[in-house]
Amino acid sequence: MSRILVVEDEETLADAIQDVLQDAGFDVQVARNGLEAWRKLEGNAPDLLLLDLMLPLLDGRGLLMRMRDHGQLRELPVVVITNASRKALGDQQVQSFLEKPVTLKRLVTAVTSALGSAGG
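Residues numbered from 1 in each chain as written. Predicted model: local features only at pLDDT ≥ 70, side-chain atom pairs only at ≥ 80, totals over all residues. Heavy atoms only, no water.

Focus on the packing of helix α2 (residues 34–43) against helix α3 (residues 60–68)
Convention followed: Between the N-to-C directions of two axes lies an angle of 0 to 180 degrees, each axis being a line fitted to C-alpha atoms and, for a helix, fitted only over the stretch in contact. Each helix is a run of DSSP H or I of at least 4 residues and each strand a run of E of at least 2, with the numbering of both proceeding from the N terminus. Note on terminology: angles under 35 degrees are roughly parallel, angles over 145 are roughly antiparallel, angles of 65 to 115 are roughly perpendicular, and the others are oblique. By definition, turning the near helix anticlockwise from the far helix through less than a right angle yields a left-handed crossing, and turning it clockwise yields a right-handed one. By definition, residues are in contact when any of their heavy atoms lie within 4.5 Å. When residues are sorted by character, Ala, Val, Leu, Ile, Met, Phe, Trp, Tyr, Cys and Pro go into the nonpolar class, Asp, Glu, Lys and Arg into the charged class, and all the rest, Gly among them, into the polar class.
One way to put it is that α2 packs onto α3 with a least axis distance of 10 Å and a crossing angle of 25 degrees. Comparing their axes, α3 and α2 come out roughly parallel. For the element pair α2 and α3, the recorded crossing hand is right-handed. Each of Gly34, Leu35, Ala37, Trp38 and Leu41 in α2 lies in contact with α3, whose residues at this interface are Leu63, Arg66 and Met67. The residue makeup of the contact of α2 with α3, split by class, is 6 nonpolar, 1 polar and 1 charged.

Re unusual backbone geometry
For the bond from Lys100 to Pro101, the omega torsion is -5 degrees, close enough to zero to count as cis. Along the chain, the position of Pro101 falls in the loop between β5 (96–99) and α4 (104–117). Residue Leu57 is not a glycine yet carries a positive backbone phi of 70 degrees. Among the secondary structure elements, Leu57 is positioned in the loop between β3 (48–51) and α3.

Some remarks on α2
Counted only if it meets this: Partly exposed residues are those whose accessible area sits between 20% and 50% of the maximum for their type, while under 20% is buried and over 50% is exposed, using a 1.4 Å probe and protein chains only. Starting at the helix axis, one direction is taken to each C-beta atom, and the arc is that of these directions. Within 3.5 Å is the distance limit for a polar contact, defined as a pair of N or O atoms, with the added protein rule that one can donate a hydrogen and the other accept it, and that residues adjacent in sequence qualify only through two side-chain atoms.
For α2, the complete set of buried residues consists of Gly34, Ala37, Trp38 and Leu41. The buried residues of α2 all sit within an arc of 100 degrees when viewed along its axis, so they share a single face. Opposite the buried face of α2, at more than 90 degrees from it, the exposed residues are Arg39 and Gly43. Looking at the packing, one finds that the buried side of α2 touches β1 (3–7), β2 (27–31), β3 and α3. Capping the start of α2 is the job of one residue whose side-chain oxygen sits 3.0 Å from the backbone nitrogen of Leu35: Asn33.

Overview of the sheet that holds β2
Test applied: Should DSSP find at least two bridges between two strands, the strands are taken to pair.
Read from one edge of the open sheet, 5 strands run β2-β1-β3-β4-β5, paired in parallel fashion. Each end of this open sheet is capped by a strand with a single partner; those strands are β2 and β5. Across the sheet, the mean angle from the axis of one strand to that of its neighbour is 20 degrees, orientation sign disregarded. Strands in contact with α3 are β3 and β4 (78–82); relative to β3, the strand with the most contacts, it is inclined by about 160 degrees.

Comments concerning the pattern of salt bridges
Here is the rule we go by: Put simply, a salt bridge is a Lys or Arg side-chain nitrogen that is within 4 Å of an Asp or Glu carboxyl oxygen.
As enumerated under the stated definition, the model contains 5 salt bridges in all. Among the ionic pairs, Arg32 bridges to Asp15, the shortest N-O distance being 3.4 Å. Residue Arg32 is found in the loop between β2 and α2, and its partner Asp15 is found in helix α1 (residues 11–23); the two are separated by 17 residues along the sequence. Residue classification places Asp15 among the partly exposed positions, given a relative accessible area of 31%.

Here is the structure:
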């Protein structure tokens, strides 16, 4: 079972995403801000990161930059789901970029595709 870390500060959305992904057969954890996500990533990296860019304490782009400088996390597949524009990513590469609002079906498809392309 693939493990996913959802990083989303909007509680209702985070809960909905968690429910949908668990129903699709994934093991899901949630972090409400970038620093909490970083602690979870360092402790036990998931198979995929589902990331909002606009987060408290450490934004999504900052989290991506930390990950890309960290050997173990450098290649971790990332799906971004956000209200921000793609420009907010700067030069950071991700497997998929989804603009909110996104259908739950499209979200599951993006997650499954990113895991498949990563060999997960």
